[in-house]
Each structure stands twice: as C-alpha cells, then as structure tokens.
Amino acid sequence: MNYLDFEKPLAEIEGKAEELRALARRNSEMDVEQEAAALDKKAADMLRDLYKNLSPWRKCQVARHPDRPHCSDYIDALFTEFMPLAGDRNFADDHAVVGGLARFDDTPVVVIGHEKGSDTKTRIERNFGMARPEGYRKAVRLMDLADRFGLPVVTLVDTPGAYPGKGAEERGQSEAIARSTEKCLQIGVPLISVIIGEGGSGGAVAFATADRLAMLEHSVYSVISPEGCASILWKDAEKMREAAEALRLTAQDLHKLGVCDVVIKEPLGGAQRDPEATIAEVGKAIRSMLAQMKSADRKKLVASRRRKYLDMGMKGLAA
C-alpha cells in the first residue's frame with residue numbers, strides 16, 4: 001500500500017498491526033490477534049475520520065494516487081471483446097490514449113480513455129497519461145467510426161492535461177484538442193464520460209464533452225492544476241491548497257454547478273483501497289447512463305448536448 005502524506009499516522013498503525021501478525025507467523029506460540037484487532041479498529045476509525053471531510057487539495061492527492069485503477073483496468077473488467085485500434089492515420093500511435101471497439105453488457109460500443117501506466121516502464125511508455133496531438137486525432141477517428149455505425153461512445157478520463165512539449169506544439173496540440181472537443185459535440189450517438197482520476201484542462205475536456213458526465217467521489221476536474229493555478233496567480237506553486245479551494249474542482253462542487261451529472265461513490269479510503277468494488281460501481285453508473293440514452297433521437301441528442309454546454313455556468317454559482 002502506498003500512503004499519501006496525510007495518511008502517515010494511519011500507515012504507522014496499520015504497519016504495527018502487520019508487524020504483530022508477521023511475528024505470529026514466525027512463532028506459532030505467540031497470540032497477538034487481540035492486540036492486532038485493536039490496532040485494526042483504531043486504523044479503521046482513523047481512516048473514517050481522514051476521509052470524512054477531505055479538503056479539495058487532499059482530493060487532488062487521492063485522485064492522483066498511483067494505486068487507483070486505471071483505464072486499462074476498467075476496460076479489462078467491464079468490457080468484452082475489446083479490439084484496440086491504433087494510430088491517427090497521419091503521424092503515429094499515441095500510447096497515452098487507448099481506444100477501440102468492445103462490448104458492454106453485450107452492446108457494441110466504442111471505448112476511449114487516457115492510460116497513465118502502472119509502473120515506471122509503462123508510465124514512460126504512456127507518457128503519464130498526457131496525450132499528444134496524435135492521441136486526440138486517434139480519438140476523433142474513433143468517434144467518427146462510432147458515429148458512422150451508430151455505436152455509443154464511452155470515455156474514461158484520467159490525465160494531468162495534454163502534453164505541453166515542443167513536438168506536440170509543432171504538430172498542432174491546441175488544434176487537435178479543439179477538433180476532439182468539436183467532434184464530441186457533433187456525433188449523433190450517446191456519449192458517456194467518466195472521470196476516474198484527474199480531469200486536467202483541455203486534455204480532459206476533449207474527451208468529456210459528453211451527454212452524461214460522471215465523476216468518482218474523489219476525482220477532480222478543472223481548467224488547470226492547483227500547482228499551475230498557484231504559479232500564475234501567486235507566482236508560488238506552494239499555494240496549491242488555496243488554488244484547489246478556489247478552483248471548485250471536486251466532484252461534489254461540480255455536481256452543484258451542473259458540470260457533473262453523477263457522483264460515483266468510492267470505497268472508504270478511496271478507489272485504491274478496493275479497486276474491484278470501484279470498477280463495479282463505475283460499471284453500474286455506465287449501465288444506468290447508457291440506458292437513459294438508449295432511445296435518443298440523433299438530432300435531439302446533438303441539440304441537447306450543445307444546449308447543455310451553452311447553458312454551463314448558469315447553475316449553482318452562488319452555492
């Protein structure tokens with residue numbers, strides 16, 4: 001278990017309980033279960049207190065936790081017959097974006113998502129989930145395919161933001177993001193999006209301009225990272241806590257503002273504590289949202305989606 005900074009007291013208690021049990025495994029005559037159980041109860045109470053009222057900055061930390069389930073975990077668990085499609089038919093294949101044809105509950109769909117990677121090697125290969133222009137152009141190609149064959153689109157968003165490197169800018173990063181966002185608004189099939197971790201800047205908007213947007217309880221979605229915001233406003237990245245408060249980036253705030261349609265509950269302690277339960281809850285949410293959109297008329301679907309985003313900002317600002 002990787003512990004976050006604010007979880008260090010919890011790490012000590014859980015570590016002591018595990019040490020006692022390790023001693024008992026080495027010496028069968030030792031009876032430590034009562035002491036270990038007392039530590040377990042203390043840890044459970046502390047975990048409940050820590051996660052009872054997380055600040056926006058702590059939610060950012062949880063959303064970035066390396067042990068949270070990633071896009072590939074959701075695809076493996078929730079979708080069958082997944083057939084990945086590669087490349088943008090122009091430059092290259094971006095490994096930060098995973099997408100292809102699949103079945104969800106035996107319904108053919110197109111699934112697209114950001115993949116951060118799970119260890120050093122795959123994180124470098126996936127560029128930490130930061131897509132380049134070819135990643136967004138691949139997404140546009142897949143959405144075109146879904147539109148042509150009448151397949152619902154499911155996107156799984158988990159990115160710090162689009163890659164800001166020199167090569168990406170030279171190949172038209174901002175244009176690619178804009179085209180992907182535009183395509184989200186144009187397709188005449190249901191588009192469901194779930195923020196499973198970080199939803200950072202235009203890199204997330206390019207996948208999440210959807211009919212229905214769901215967010216995991218401790219995920220975040222914002223126009224800029226708290227560190228980036230603090231660097232611009234206060235010239236000090238250490239003011240990221242104040243920036244996180246001001247950005248209104250939590251699922252709960254965004255639900256009040258009408259940006260997020262559904263908040264998906266996470267296990268106590270975050271998705272990293274029980275990935276299987278989290279994935280199952282996300283599956284239920286996707287199932288429910290797809291059912292709501294099942295018989296939607298093409299023209300009405302596009303019109304209502306556009307209206308949703310034109311009306312954005314008119315709700316909950318006084319909250």
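Preceding block: the structure.
Summarised in this report is the structure supplied together with it.

How each quantity is defined
Residues numbered from 1 in each chain as written. Predicted model: local features only at pLDDT ≥ 70, side-chain atom pairs only at ≥ 80, totals over all residues. Heavy atoms only, no water. Buried < 20%, exposed > 50% of the residue type's maximum accessible area, 1.4 Å probe, protein only. Helix = DSSP H or I, 4+ residues; strand = E, 2+ residues; numbered from the N terminus. Pairing = 2+ DSSP bridges. Salt bridge = Lys/Arg side-chain N within 4 Å of Asp/Glu carboxyl O. Phe/Tyr/Trp six-rings, centres within 6.5 Å; stacked < 30°, edge-to-face > 60°. Core = buried A, V, L, I, M, F, W, Y, C linked by side-chain atoms within 4.5 Å. Contact = heavy atoms within 4.5 Å.

A few points about the pairing of strand E2 (residues 97-104)
Here is step 1: Most of E2 is tucked away: six of the eight residues are buried.
Here is step 2: Inspection of the sheet shows strand E1 (residues 80-84) paired to E2 by three bridges, in the antiparallel sense. The residue bridging Met-83 from the neighbouring strand is Leu-101, located in E2.

Structural notes on the pattern of salt bridges
Here is step 1: Taken as a whole and judged by the stated rule, the model has 25 salt bridges.
Here is step 2: Its salt-bridge partner being Lys-308, residue Asp-261 comes within 2.7 Å of it at the nearest N-O pair. Remark: Lys-308 occurs in helix H14 (residues 298-310) and Asp-261 occurs in the loop between helix H12 (251-256) and strand E8 (262-264); sequence separation between them is 47 residues.
Here is step 3: A salt bridge links Arg-307 to Asp-311; its shortest N-O distance comes to 3.0 Å.
Here is step 4: Classification of Asp-311 as partly exposed rests on a relative accessible area of 32%.
Here is step 5: Shared partners join several salt bridges into a network, and the residues in it are Arg-64, Lys-116, Asp-158, Glu-198 and Glu-227.

Here we look at the packing of aromatic side chains
Any two aromatic rings considered together are summarised by their centre-to-centre distance and by the angle between their planes.
Here is step 1: Scanning all chains against the criterion turns up three aromatic pairs.
Here is step 2: Look at Tyr-136 and Phe-207: their rings are 5.7 Å apart centre to centre, the planes differ by 65°, and that puts the pair in the edge-to-face class. Residue Tyr-136 is located in helix H6 (residues 133-149), and its partner Phe-207 is located in helix H9 (residues 201-208); the two are separated by 71 residues in the primary sequence. By the burial criterion, Tyr-136 is buried, and Phe-207 matches it.

Topic: the nonpolar core
Here is step 1: In this structure, Ile-112, Tyr-136, Val-153, Phe-207 and Tyr-221 are the most contacted members of the largest nonpolar core, which totals 34 residues.
Here is step 2: Where this core is concerned, the elements lending two or more residues are strand E3 (107-114), H6, strand E4 (153-159), helix H8 (173-186), strand E5 (191-200), H9, strand E6 (212-216) and H12.
Here is step 3: Ranked by residue count, the leading element in this core is H6, at five residues.
Here is step 4: Leave out the neighbours within four places in its chain, and Phe-207 touches Val-97, Ile-112, Gly-113, His-114, Tyr-136, Ala-139, Thr-155, Val-157, Ser-180, Cys-184 and Ser-193.
Here is step 5: Counting residues in hydrophobic clusters, the runner-up holds 26 residues, among them Val-98, Val-154, Ile-192 and Ile-279.

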